Amino acid sequence: MASIGASLQHELPPQLADFLLRLDTKLDNLSAHLVTIEASMSRLEGRIEALETRSEQQAAEMADIRADINGLKKSAGPAPVLPNLLPSPAGSHPSDACEIFLTGLPTDVNLTDKEALDRVFTAMGLTDYKKFLVHTRAWNPKNRNKPAPDNTRAFIFKLSSPSTHDHCIVNAFKLASVNTNALFGVGDGKVRLRPLWPSETYSLLQKAYDAAQKLNLDPPIVRNLTVFMHETNGTKPIPISTEHDIRALKTRTR
């Protein structure tokens with residue numbers, strides 16, 4: 001092939017041979033550039049899939065939160081209006097129990113709660129996170145009309161601090177892409193984690209989430225029982241303590 005190419009090059013006019021040589025070089029550069037673009041597109045598609053999975057997990061968690069709030073409202077009934085005789089102390093903040101509700105664990109799993117959690121933590125990328133586990137306890141549903149499915153069970157576990165609790169919840173979306181068969185060798189469902197926050201936090205988070213959807217903002221987050229919202233997408237989140245803060249945010253973003 002080299003001798004044929006050399007003979008053809010000798011047969012071509014010098015200007016045409018030089019043009020073809022430059023064209024070959026440009027084609028090689030273009031091919032290399034296309035390979036780079038394809039690799040970048042593959043990485044971006046992977047990031048998009050991860051974000052879509054996380055969005056689905058957040059939507060599912062918010063649906064569960066709304067269901068819990070509605071259940072609490074129905075069970076509590078109308079609350080009596082009582083005068084506030086004592087003012088709230090300055091800087092008062094609800095106490096964080098650092099507890100998380102785990103559901104979807106197959107009953108056929110022959111592991112202790114701590115052993116099962118160790119596998120769940122590992123699937124979330126939280127290696128050796130069991131060292132932050134304080135204890136686990138059984139879940140006793142108050143609403144007997146909606147028991148857990150017969151083939152799964154649930155329990156509650158407590159972590160050592162609000163920061164470890166929040167970090168665990170932040171990474172819980174990763175469980176959406178892992179089924180129980182991959183985790184425990186049985187079943188085909190999903191393990192879900194849900195934070196057990198005070199009702200005040202749940203209520204404010206729901207209002208913040210609704211506002212974020214209407215204003216097309218990033219979803220709110222919770223850190224140490226404080227709800228945070230983004231004033232604009234991509235900006236540093238600001239703390240939300242009351243509904244007034246949400247209304248003020250709406251006013252500024254109009």
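Residues numbered from 1 in each chain as written. Predicted model: local features only at pLDDT ≥ 70, side-chain atom pairs only at ≥ 80, totals over all residues. Heavy atoms only, no water.

- Looking at an unreviewed UniProt entry, one finds the chain named RRM domain-containing protein and attributed to Trichogramma kaykai.

**A look at the sheet that holds strand β2 (residues 133-138)**
In step 1: One open sheet accounts for four strands, arranged β2-β3-β1-β4; its pairing is antiparallel. What marks the edges here is a single partner per strand, and that holds for β2 and β4 (192-195). Neighbouring strand axes in the sheet, compared pairwise and without regard to direction, differ in orientation by 25° on average.
In step 2: As judged from the six bridges shared by strand β1 (residues 99-106) and strand β3 (residues 152-159), these two strands associate in the antiparallel manner. Considered in β3, the bridge of F101 is made with I156.
In step 3: Its contacts with the sheet place helix α3 (residues 113-123) against β1, β2 and β3, and it is angled at close to 80° to β3. (Pairing = 2+ DSSP bridges. Helix = DSSP H or I, 4+ residues; strand = E, 2+ residues; numbered from the N terminus. Axes fitted to C-alpha atoms, helices over the stretch in contact; angles between N-to-C directions. Contact = heavy atoms within 4.5 Å.)

**Considerations on the side chain of E99**
In step 1: Inspection of the secondary structure puts E99 in strand β1.
In step 2: One polar contact links E99 to R137, side chain to side chain, over a distance of 2.9 Å. (Polar contact = N/O pair within 3.5 Å; in protein donor to acceptor, adjacent residues only side chain to side chain.)

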